[in-house]
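# Notes for the structure review
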Amino acid sequence: MSFSPEPPYVHGTAPATAVLLCNLGTPDAPTAPALRRYLAEFLSDRRVVEIPRALWWLILHGVILRVRPAKSAAKYASIWLPEGSPLKVWTDRQATLLRGYLGERGHRVRVRYAMRYGNPSIASVLDELKSHGVTRVLVLPAYPQYSGPTTASVSDAVYDWAQKVRNVPELRFVNRYHDDTGYIAALAKRVTDHWFVHGRPDKLVLTFHGVPKRTLTLGDPYHCECLKTARLLREKLGLPAEQVVVTFQSRFGKAEWLQPYTEPTLVSLAQKGVKRVDVMCPGFTSDCLETLEEINQEAREAFLHAGGAEFHYIECLNDQHEWIAALAGVAIQHMGGWPTQVPADEQAVQQALEATRQRALARGATA
């Protein structure tokens, strides 16, 4: 096996540290060809679909990739932004802001984002970081709750890249932060800000991405971590248990997935006389297809059609100040012991530059 040649290093350059913010991924465009490429990569991951390869290959290439790309492309088109995919737009912005927040706290690190599927790939961004002299990388998934199909799959991609590298950087991985106090506080702030403007609902529905039920019985901690996030958020909001409903969305295929399912639950609530629901997706840190189309379009329509009167979608954390501050706290905790501190005489200059950049970003966001 041959290894990739090492990039040329400038003698005397100090080793650098980087944070790699990893999200799930997105197609390059809301078109059937782009969706076919994206889905082929996503659904070929053994972490995502755990059935015999030969059988799945026939299903994937014989049925799914012939039918699903066009349908998915139409859904993506309904939420696509002028700048591109919402997931990519928000993840890019989070990485930019995270670098600033870390700099303001005195940490000189590179921050880049990558996608597990699609572009920019994890391997390409790691190659870029190495070319800039990075020798330490903290891999920070955008998934607060650990799961094999998401968190572990990011680790797989990093290790696959490392197998081809001669001089492998020092690697650390953040597996979970589902109960991080900053993350929970950011979620609670998002809810209370919404309630300050719109008032309170009859029920607060917290919907998480679903996974097959068999993953729970095989030892995946995802279900338990989702429930803990929901409990901590409910306690932070001071709500009684009966006012909060936890559900799971995005079921795929005929196998049983984690229950209760989101859309049937919303229909049942409407039929039982619940007039207003507020729906939040705590497991998604960036708005994306699953939140903007599946929840804010499809689930909304199902609830209102079943007799509900008001459906309020509470947006994801996106670029919320409290969320980026929490993310910075998670990164700093896991970089403990690495030499990332900026010398005192440089820190004041760096903070002034970052403050100027933050104001420019804020102006751009409100323009």
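Along each chain, residue indices are assigned from 1 in the same order as the chain's sequence is written. A pLDDT threshold of at least 70 governs which residues receive local features in this predicted model, and a stricter bar of 80 or more applies before side-chain atom pairs are shown or counted, although totals over entire chains, interfaces and linings include all residues. No hydrogens and no water enter the side-chain calculation; it runs on all heavy atoms of the structure.

## Side note on helix H6 (residues 181-198)
What counts is decided by this rule: What counts as a helix is a DSSP run of H or I of at least four residues, what counts as a strand is a run of E of at least two, and both are numbered from the N terminus. Here the expected length of a helix is defined as 1.5 Å per residue gap, with one fewer gap than residues. The buried label applies to any residue whose accessible area, calculated with a 1.4 Å probe on protein chains only, is under 20% of its type's maximum; exposed applies above 50%, and partly exposed to all values in between. Contact definition: two residues touch when any of their heavy atoms are within 4.5 Å. We call two N or O atoms a polar contact when they sit within 3.5 Å, provided that within protein one can donate a hydrogen and the other can accept it, with sequence-adjacent residues counted only if both atoms are side-chain atoms.
If you check H6, its first and last C-alpha atoms are 26 Å apart, about what 18 residues at 1.5 Å a residue would give, namely 26 Å. All of the buried residues in H6 are Tyr183, Ile184, Ala186, Leu187, Ala188, Arg190, Val191, His194 and Trp195. In this structure, the buried residues of H6 make contact with strand E5 (203-209), helix H8 (222-237), strand E7 (276-280), strand E8 (310-314) and helix H12 (321-334). The N-cap of H6, judged by a side-chain oxygen 3.0 Å from the amide nitrogen of Gly182 a few residues on, is Asp180. Backbone geometry just downstream of H6 places Gly199 in the positive-phi region, at approximately 80 degrees.

## Here we look at the packing of aromatic side chains
The geometry of an aromatic ring pair comes down to the distance between the two centres and the angle between the two planes. Quick note on the threshold: The rule is short: rings of Phe, Tyr and Trp, with Trp giving its six-membered ring, pair when the centres are within 6.5 Å, and they are stacked under 30 degrees, edge-to-face over 60, tilted in between.
Using the criterion set out here, one finds 9 aromatic pairs in the structure. Residues Tyr183 and Trp323 carry aromatic rings whose centres are separated by 6.3 Å and whose planes lie at 65 degrees to one another, so their mutual orientation is edge-to-face. A residue pair is termed long-range when its members are at least 10 positions apart, and Tyr183 in helix H6 and Trp323 in helix H12 qualify at 140 residues. Judged by its relative accessible area of 1%, Tyr183 is buried. Trp323 gets classed as buried once you look at its relative accessible area, which sits at 2%. Seen from their ring centres, Phe208 and Phe248 are 6.2 Å apart, and the 35 degrees between their planes marks the pair as tilted. Of the two residues, Phe208 is situated in strand E5 and Phe248 in strand E6 (residues 244-249); the sequence distance between them amounts to 40 residues. For the residue pair Phe208 and Phe248, the accessibility class agrees, reading buried in each case. Members of the aromatic cluster, joined through ring pairs, are Tyr38, Phe42 and Tyr117.

## Examining the sheet that holds E6
Threshold: Strands qualify as paired when DSSP identifies two bridges or more between them. In this description, a line fitted to the C-alpha atoms serves as the axis of each element, helices being fitted only across the stretch in contact, and the angle between N-to-C directions of two axes falls anywhere from 0 to 180 degrees.
Reading across from one edge, E6-E5-E7-E8 is the order of the 4 strands in this open sheet, with parallel pairing throughout. Strand pairing shows two members of the sheet lacking a second neighbour, E6 and E8, which therefore form its edges. Strand-to-strand twist in this sheet, taken as the mean axis angle between neighbours without regard to direction, amounts to 25 degrees. Contacts between H6 and the sheet are confined to E5, E7 and E8, with E7 contributing the most and set at about 150 degrees to the helix. Sitting on the sheet, helix H9 (residues 262-271) is in contact with E5, E6, E7 and E8, with an inclination near 140 degrees to E6.

## Details of the side chain of His178
Inspection of the secondary structure puts His178 in the loop between strand E4 (170-173) and H6. When residues no more than four places from it in sequence are discounted, the contact partners of His178 are Pro144, Gln145, Tyr183, Ile184, Glu225, Lys228 and Thr229.

## Regarding the pairing of E6
The buried count for E6 comes to 6 of 6 residues, which makes it a mostly enclosed element. What you see with E6 is no split at all: Val244, Val246 and Phe248 on one side and Val245, Thr247 and Gln249 on the other are buried throughout. Across 6 bridges, the pairing between E5 and E6 is parallel. Considered in E6, the bridge of Leu206 is made with Val246.

## Side note on the sheet that holds strand E1 (residues 16-26)
Spatial ordering of the open sheet is given by E2-E1-E3-E4, a layout of 4 strands whose pairing is parallel. Bordering the open sheet on either side are strand E2 (110-118) and E4, each of which pairs with just one other strand. Taking the axes of each pair of neighbouring strands and ignoring which way they run, one obtains an average angle of 25 degrees across the sheet. Where E1 and strand E3 (residues 134-141) come together, 7 bridges link them in parallel fashion. Along E3, the bridge assignment pairs Val19 with Leu138. Along the sheet, helix H5 (residues 148-162) makes contact with E1, E2, E3 and E4, crossing E2 at roughly 105 degrees.

## Structural notes on the nonpolar core
Which entries qualify depends on this criterion: Only buried residues count toward a nonpolar core. Its members are Ala, Val, Leu, Ile, Met, Phe, Trp, Tyr and Cys residues joined through side-chain atoms within 4.5 Å.
Membership of the largest hydrophobic core comes to 67 residues, with the highest contact counts inside it found for Val19, Leu102, Leu140, Val277 and Phe311. Contact partners of Leu140, with chain neighbours within four places excluded, come to Val19, Leu20, Leu21, Cys22, Leu98, Val174, Tyr177, Leu327, Val330 and Ala331.

## Quick look at helix H11 (residues 294-305)
In a regular helix each residue adds 1.5 Å, so 12 residues correspond to 16 Å; H11 covers 15 Å between its end C-alpha atoms and thus fits that length. On its buried face, H11 sits against E5, E6, H9, E7, helix H10 (289-292) and E8.

## What to know about the side chain of Arg136
The criterion, for reference: Within this scheme the basic residues Lys and Arg register as positive and the acidic residues Asp and Glu register as negative, but His and the chain ends are omitted. One speaks of a salt bridge when a side-chain nitrogen belonging to Lys or Arg is within 4 Å of a carboxyl oxygen belonging to Asp or Glu.
Positionally, Arg136 belongs in strand E3. Among buried charged residues, Arg136 stands out as having no salt bridge; its nearest opposite-charge side chain is Glu170, 5.4 Å away. There is a polar contact of 2.7 Å between the side chain of Arg136 and the side chain of Thr17. Discounting chain neighbours no more than four positions away, the residues touching Arg136 are Pro15, Ala16, Thr17, Ala18, Pro169, Glu170, Trp338 and Pro339.

## Focus: the packing of helix H1 (residues 32-42) against helix H2 (residues 53-79)
For the record, the criterion: The labels follow the angle: roughly parallel below 35 degrees, roughly antiparallel above 145, roughly perpendicular from 65 to 115, and oblique for the rest. The sense of a crossing depends on the near helix, which, turned anticlockwise from the far helix by less than a right angle, makes the crossing left-handed and, turned clockwise, makes it right-handed. Polar here means any residue other than Ala, Val, Leu, Ile, Met, Phe, Trp, Tyr, Cys and Pro, which are nonpolar, and Asp, Glu, Lys and Arg, which are charged; Gly is therefore polar.
The geometry of H1 relative to H2 is characterised by a closest axis approach of 8 Å and an angle of 125 degrees between their N-to-C directions. If you check the angle between H1 and H2, you find them oblique. Judged by the sense of rotation from one axis to the other, the crossing of H1 with H2 is right-handed. Contacts from Ala32, Leu35, Arg36, Tyr38, Leu39 and Ala40 in H1 reach Leu60, Leu65, Arg68, Pro69, Ala70, Ser72, Ala73 and Tyr76 in H2. Split into classes, the residues belonging to the contact of H1 with H2 amount to 11 nonpolar, 1 polar and 2 charged.

That's the geometry; what it means functionally is another story.
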